[in-house]
Amino acid sequence: MPRFVYDFAEGDRDRKDLLGGKGANLAEMTNLGLPVPPGFIITTQACRAYLAEGTEPSGMGDEVTEHLGRLEAVMGRRLGDPDDPLLVSVRSGAKFSMPGMMETVLNVGLNDASVHALAERAGDERFAWDSYRRLVQMFGATVLGIGSEQFSAVVEEAKTAKGARDDLDLDARDVESLVDTFKAIVRTHAGRDFPQDPREQLDLAVRAVFDSWNSPRAHVYRRQERIPADLGTAVSVVSMVFGNLGMASGTGVAFTRDPASGARGVYGDYLQNAQGEDVVAGIRNTRPLTDLEALDKVSYDRLMDIMTTLERHYRDLCDIEFTIERGTLWMLQTRVGKRTAAAAFTIATQLVDEGMIDLDEALRRVTGAQLANLMFPRFDRDAEKKLLTTGMNASPGAAVGAAVFDSATAVARRRRGERVVLVRRETNPDDLDGMIAADGILTSRGGRTSHAAVVARGMGKTAVCGADELDVDGAARRFTTADGVEVGEGETISIDGTNGEVYLGQVPVVASPVVSWFEGTRPETAGRECVGDDLVDAVARLMRHADGRRRLRVRANADTADDAARARRFGAEGIGLCRTEHMFLGERRELVERLVLAETRDEREESLAALLPMQIEDFTALFRAMEGLPVTIRLLDPPLHEFLPDLTELSVEVALARERGASDPVREELLTAVRRLHEQNPMLGLRGVRLGIAVPGLFAMQVRAITRAAAALVIDGVAVQPEIMVPLVGTVQELASVAVEIAAVVAEPESRVDGDPVPHQVGTMIELPRAAVVAAQIAETAEFFSFGTNDLTQTTWGLSRDDVESSFFSDYLEQGIFSVSPFESLDVEGVGYLVRLGAEQGRRTRPDLELGVCGEHGGDPDSVHFFHEVGLDYVSCSPYRVPVARLEAGRAALPPVT
């Protein structure tokens, strides 16, 4: 029979799967000899069993009783003893940090009798009633499901009645009265009295923590962070230490480095006469951690020593929760701290310089998603701005949007395509949906370790917290500044998470320094030239190391010379996809329309002759921009309707003309032709290779343009590497037919240099399931494969991307059917299987077959790792995602951690 409960001394940090992050790290600190209150951990395995069966697993209760007895023996107190009670906290802790998403109950074990004993033992009656008040409030909200606003409203009324600024101004009698009112709220809303049996309190609290794994906000957070839903949470039962025992006590959160910037120093918040949840909830504005040195130097110095110990032990930024009980320091939690993208890069390179980790490990600790975040624009420092207030720079970035004052409004406006900034006094876990929808978060309470700050940093959202000059009135949907400026819902504000400033209106943005560095660096020196900025230096060093480690080459999807030049500045090693249909939009569209609708050979030849010089010019510019790097050119692949008049509009036009007696024979003939070519599903109709075969001379014209442009450049001494890609091939016969046509064009004198054909390759795009299945046959003709994962995903799933993403995808994501859109990150089990199959089959026929991918999955961090694993030679993505792909390709090539 499995064990379900472990003492702290029995665990360590490597057992997070079983003990959860919080429990494993409490065990680790215990084993390091740090001051941790004694306790025990109920495992994630117990949680999974409870959630599966709806009741606690057999034997768990007995194990809890056994370990509780050991804890009582160590503490010299018993849970529920009316004369000298042991109190415990019941805290959630999953394998992956989910700050504020699950439940915690403090002061479990207090009741109407033991509250008096606690007051006598502490010599502080207010403290005892405050602890009891907190228990009833947390238990009512967490265990009994009573809305937390029921309790908070009563506290606000009591403060108002007494003219109190915060809860510390309420005396013992005030707090005792709150307890009575809270118990009445429990009776009214839960239909039962607050339980007086401490063991019943403990058991119900444990079950509530288990249940909170499946709470809506936990579900939303897991979906956002891509945390598996089947892990469950552990429960830590910890003997209580009290930060609310007067002004010589307190609680705080500390970081061993600044989680926003990565700078070395003392960072954190401290709150006197408070319990831990007060700091995170932001109900009172905290004091900087540095103030603790003046308040309690002994505890401060001890905390600094412990922070150093933990950072060296974990070899990373540590996030620490602590409590001081009348001058005695206790450690309540540590974990590797969440950090912003900027801090991730900066800290990783700092730790290399300090000898704690090597460059491989530093590269493991940053991600492509973080690099993408660093490439977002920032506010223009020189622009005119109207400053409203300044808060704490909790999570960097620049966010502009309409001010909204609740999560539901944030979500609704976001769905309408609006940008919003969520404004709250303080956020709580129930605001998660709104925080995800918002571009930025602004709170008037809380600090850098508040719920809003921690969650925003984890999600890469801009946040300004603790802007205490703002009077936020959620009910009236407005906030007022210290000088009387009112900002109502829907008005545009701009918040700067880097310096904490809040502005009225829209502030212009400029390119981030990371983008400026990329754009000012030639590909051959990318990652080698630094400009003195710590962040840019850090990015440069890790990009250089990633480039040195990676096997995958990175190309760009680019259709113009400007796109190609930009891609090169971002480090692209060629063009993996040039979509030639994009060259025929705008003024050229009419020429393609005439070509498609041509009924005679002469009409068709006339259109092709007009397009040829334009295409030669296009390809010449691309080849020049890439300076000898490979350029993969996809022959024309438009859904036919994109180059034809809209059937409905043309039908209405012709019908109205007939009604007026002014029918136009030309428009009538055009309507007839459009009806003949009209398709019910153009994405699966006459496009790609089918169009090239159905319209004689179309592909030949494009190949002629490619080879003539290449030949002319080679004669001028410019190196070129053209790769001609035939789209939407489903059978080798299609490709072979086009290959014969290509060979004939390549043999033309204008396509040769000194009598020899211009060096080139002919390949195909694998974007149909059948093509992947028969890839061995297709490779008999193809010299390269490029997996078009956008269309391969559509055809494998039977989805039309343009339709489904605006219809049922949101439901699938909310219900957990999809953890992420398959168009965003590659479906490894389905589409990935076809990629692997196509790669293996193709190389079985042609061992030197070049393999790449040119869908946008080529820039998705998770997908890049898969493409490395299956042995592709390169990925191709949009120019701005090239650095992300380079970084992730380097990370994918790192040796596994032993």
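Residues numbered from 1 in each chain as written. Predicted model: local features only at pLDDT ≥ 70, side-chain atom pairs only at ≥ 80, totals over all residues. Heavy atoms only, no water.

### Notes on the pattern of salt bridges
For the structure shown, the criterion picks out 66 salt bridges. Notably, a salt bridge pairs Arg335 with Asp319, separated by 3.1 Å at the nearest N-O pair. Of this pair, Arg335 sits in strand S12 (residues 328–336) while Asp319 sits in strand S11 (residues 318–325), and the two are 16 residues apart along the sequence. In this structure, Arg335 and Asp319 share a single accessibility class: buried. Asp637 serves as the salt-bridge partner of Arg634, at 3.9 Å between the closest nitrogen and oxygen. (Salt bridge = Lys/Arg side-chain N within 4 Å of Asp/Glu carboxyl O. Helix = DSSP H or I, 4+ residues; strand = E, 2+ residues; numbered from the N terminus. Buried < 20%, exposed > 50% of the residue type's maximum accessible area, 1.4 Å probe, protein only.)

### Regarding the nonpolar core
Among the nonpolar cores identified, the biggest contains 133 residues, and Phe345, Phe623 and Phe785 are the most heavily contacted of them. Tallying contributions element by element places helix H27 (residues 698–715) first for this core, with 11 residues. Of all hydrophobic cores here, the second largest spans 55 residues; its members include Ala128, Met138, Phe194 and Val237. (Core = buried A, V, L, I, M, F, W, Y, C linked by side-chain atoms within 4.5 Å.)

### Describing unusual backbone geometry
In the Ramachandran plot, Arg226 falls in the positive-phi region, its phi being about 55° despite a non-glycine side chain. Relative to the helices and strands, Arg226 is located in the loop between helix H9 (216–225) and strand S7 (233–239). According to the relative accessible area criterion, Arg226 is partly exposed, its value standing at 37%. Although it is not a glycine, Arg326 adopts a positive phi angle of roughly 50°. Counting through the fold element by element, Arg326 comes out in the loop between S11 and S12. Taking the relative accessible area as the measure of exposure, Arg326 reaches 43% and is therefore partly exposed.

### Quick notes on the packing of helix H5 (residues 125–142) against helix H6 (residues 148–162)
Packed helix pairs are specified by the crossing angle of their axes together with the interaxial distance, meaning the distance between the axes. Contact pair H5 / H6: the axes reach a minimum separation of 8 Å and the direction vectors enclose 150°. The pairing of H5 with H6 is recorded here as roughly antiparallel in orientation. Where H5 abuts H6, its residues Val136, Gln137, Gly140 and Ala141 lie against Ser148, Phe151 and Ser152. For the contact of H5 with H6, the class distribution of residues is three nonpolar, four polar and no charged. (Axes fitted to C-alpha atoms, helices over the stretch in contact; angles between N-to-C directions. Parallel < 35°, antiparallel > 145°, perpendicular 65-115°, else oblique. Contact = heavy atoms within 4.5 Å. Nonpolar A, V, L, I, M, F, W, Y, C, P; charged D, E, K, R; others polar.)

### Thoughts on the sheet that holds strand S35 (residues 874–877)
If you trace the eight strands once around the closed barrel, you get S26-S27-S28-S29-S32-S33-S34-S35, paired in parallel fashion. If you compare each strand with its neighbour and ignore which way they point, the axes differ by 25° on average. Taken together, the four bridges between strand S33 (residues 784–787) and strand S34 (residues 850–853) define a ladder with parallel strand orientation. Residue pairing in the sheet places Ser786 in a bridge with Gly852 of S34. Along the sheet, H27 contacts strand S28 (630–634) and strand S29 (721–726); its crossing angle with S29, the most-contacted strand, is approximately 170°. (Pairing = 2+ DSSP bridges.)

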